[in-house]
Amino acid sequence: MRRFFLHTFGCQMNVSDSQRMAEVLRRMKMEPTPVAKNADLIILNTCSIREKAEEKVLSALGRYREVKLSRGARIGVGGCVAQQEKERLLRRVPYVDFVFGPDAISKLPEILRRVEARERVVETAWIDSEEYVFPRADPESTRGRVTEFVTVMKGCDNVCSFCVVPHTRGREVSRPCGEVLAEVAGLTGVGVREVTLIGQNVNSYRGGIGFAELLLRVAEVPGIDRVRFTTSHPHDLSDALIEAVGSQPKIAPHFHLPIQSGSDRVLERMRRDYTVAEYLERLSRLRAARPGIAVTTDIIAGFPGETEDDFQLTLELTEEVRYENQYSFVFSSRPKTAAAMREEQWGAVPHELKLERLERVQKLQRRIGGEIMAAQIGRQVEVLVEGPSKLDPSKRFGRTPENRTVNFEGDAPAGALARVLVRRSSPNALYGEQAAISSEPRVRVEERPGAELCVA
Ligand code: SF4
């Protein structure tokens, strides 16, 4: 096996895990290929957060079967669907050679040796949290990018009734803070100026220090200009975290704080462990500590038993909070979750009604998002330049501290901080022209298109 093709589905954690997989395979003297039909090894790093995500995996597997038939490529499935389905996946998809869970990335060399010996492998055992070692990132695989994800924890100890993550990612394990700080320092050496600390429930981090302290220490690493983090749980939005976000300007003024529903009755069934009033109280203290902070959230439409009155509360909350953006989806019943077991008892919401409610909240959010973005027109904003715009390669692309996407005319190199005059906006992006370069790149980065990893 000389060349590998990695197909990544889902969240930032999966994108980061795929990078670790690529590093393991490169150390085995394999080379990445961006084209599946040229690969000797195809790995799908999968997501099972919603039914649709799982269906996408199965249809992708169908496409890759041709590569196996034509050139004998090996096919492996990793990530959350692998952890959820285990050996059932080998029975369900007979041409899959191996299935491995998120805890087994470092075991890939041994797994591939067994596959080469014609064994079909299932490696989904959890590693005890005391013994779990987080894969260490090789900064060289980041060279060419100015922003990077840094994994600080894995798993989740919460039991939100709709969520499959605790079943597919296991119990919470926090990465020792020394490892996190060393990785961040290594990344600045290849030109990274912004890091995003990631975990399923990042603000319950306990890697020798608390999360607020970790954020402050990462912000002090020489060469770091911006620190982001995701995903937070409202019940872990502590005073210390609010204080840190309020006092350290390098902590980016963007906070992703999933609410999921505006109805306390629904939140209780979701087992979210906060009320709307508690959420709003914490949010108002965060906004007081960091005026102008951009807040985004997650919304589920059509949770079992959700009435029109419940949903009205979600719309009213959206109007009241005025989120920068929302990631909203219809409820999707997931295996082994409490909501799946009680869907009938609570009363399943018909699919058409779920979609109708989703459209209503998305329409409202588009209006609010559009107003927030339009308010930037005529202002100069600071942009960390990431490279050519994906929309129009003749333009430049980057993001503001609030995580707003900016496409602009100019010549600022990747890694520079540029001042951009905003001329136009849409609900999800700003458009403008370069006014000045306020800071040159610390390390000249050779721009390259998206990583060699296929991200779906
Ligand atoms: S906190 Fe997030 S990852 Fe954890 S169970 Fe709840 S929704 Fe899932």
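Keep in mind that this is a model prediction, so the values were computed, not measured.

Another aspect to go through is the packing of aromatic side chains. Under the defined criterion, the tally for this structure stands at eight aromatic pairs. Here F229 and F255 contribute two aromatic rings whose centre-to-centre distance is 5.1 Å and whose plane-to-plane angle is 90°, an arrangement assigned as edge-to-face. A residue pair is termed long-range when its members are at least 10 positions apart, and F229 in strand β11 (residues 226-230) and F255 in strand β12 (residues 254-256) qualify at 26 residues. Take F229 and F255: they sit in the same class, and that class is buried. When the ring of F303 is compared with that of F331, the centres are 5.3 Å apart and the planes differ by 75°; the resulting orientation is edge-to-face. With F303 in the loop between β13 (294-301) and α12 (308-321) and F331 in the loop between β14 (325-330) and α13 (338-346), the pair connects residues that are 28 residues apart, well separated along the chain. Three or more aromatic residues joined by ring pairs make a cluster, and in this case those are F211, F229 and F255. Note that K390 overlies the ring of F397, its terminal NZ or CZ placed 4.4 Å from the centroid. When the ring centre of Y431 is taken as reference, the NZ or CZ atom of R424 above it lies at 4.0 Å.

Here we take up the sheet that holds β12. With parallel pairing, the three strands of this open sheet are ordered in space as β12-β13-β14. In this open sheet, the two strands that pair with only one neighbour each are β12 and β14. Taking the axes of each pair of neighbouring strands and ignoring which way they run, one obtains an average angle of 15° across the sheet. Alignment of β13 against β14, held across six bridges, turns out to be parallel. Residue pairing for β14: T296 is matched across the bridge by N325.

Parameters at a glance
Residues numbered from 1 in each chain as written. Predicted model: local features only at pLDDT ≥ 70, side-chain atom pairs only at ≥ 80, totals over all residues. Heavy atoms only, no water. Phe/Tyr/Trp six-rings, centres within 6.5 Å; stacked < 30°, edge-to-face > 60°. Helix = DSSP H or I, 4+ residues; strand = E, 2+ residues; numbered from the N terminus. Buried < 20%, exposed > 50% of the residue type's maximum accessible area, 1.4 Å probe, protein only. Lys NZ or Arg CZ within 6 Å of the ring centre and 35° of its normal. Pairing = 2+ DSSP bridges. Axes fitted to C-alpha atoms, helices over the stretch in contact; angles between N-to-C directions.

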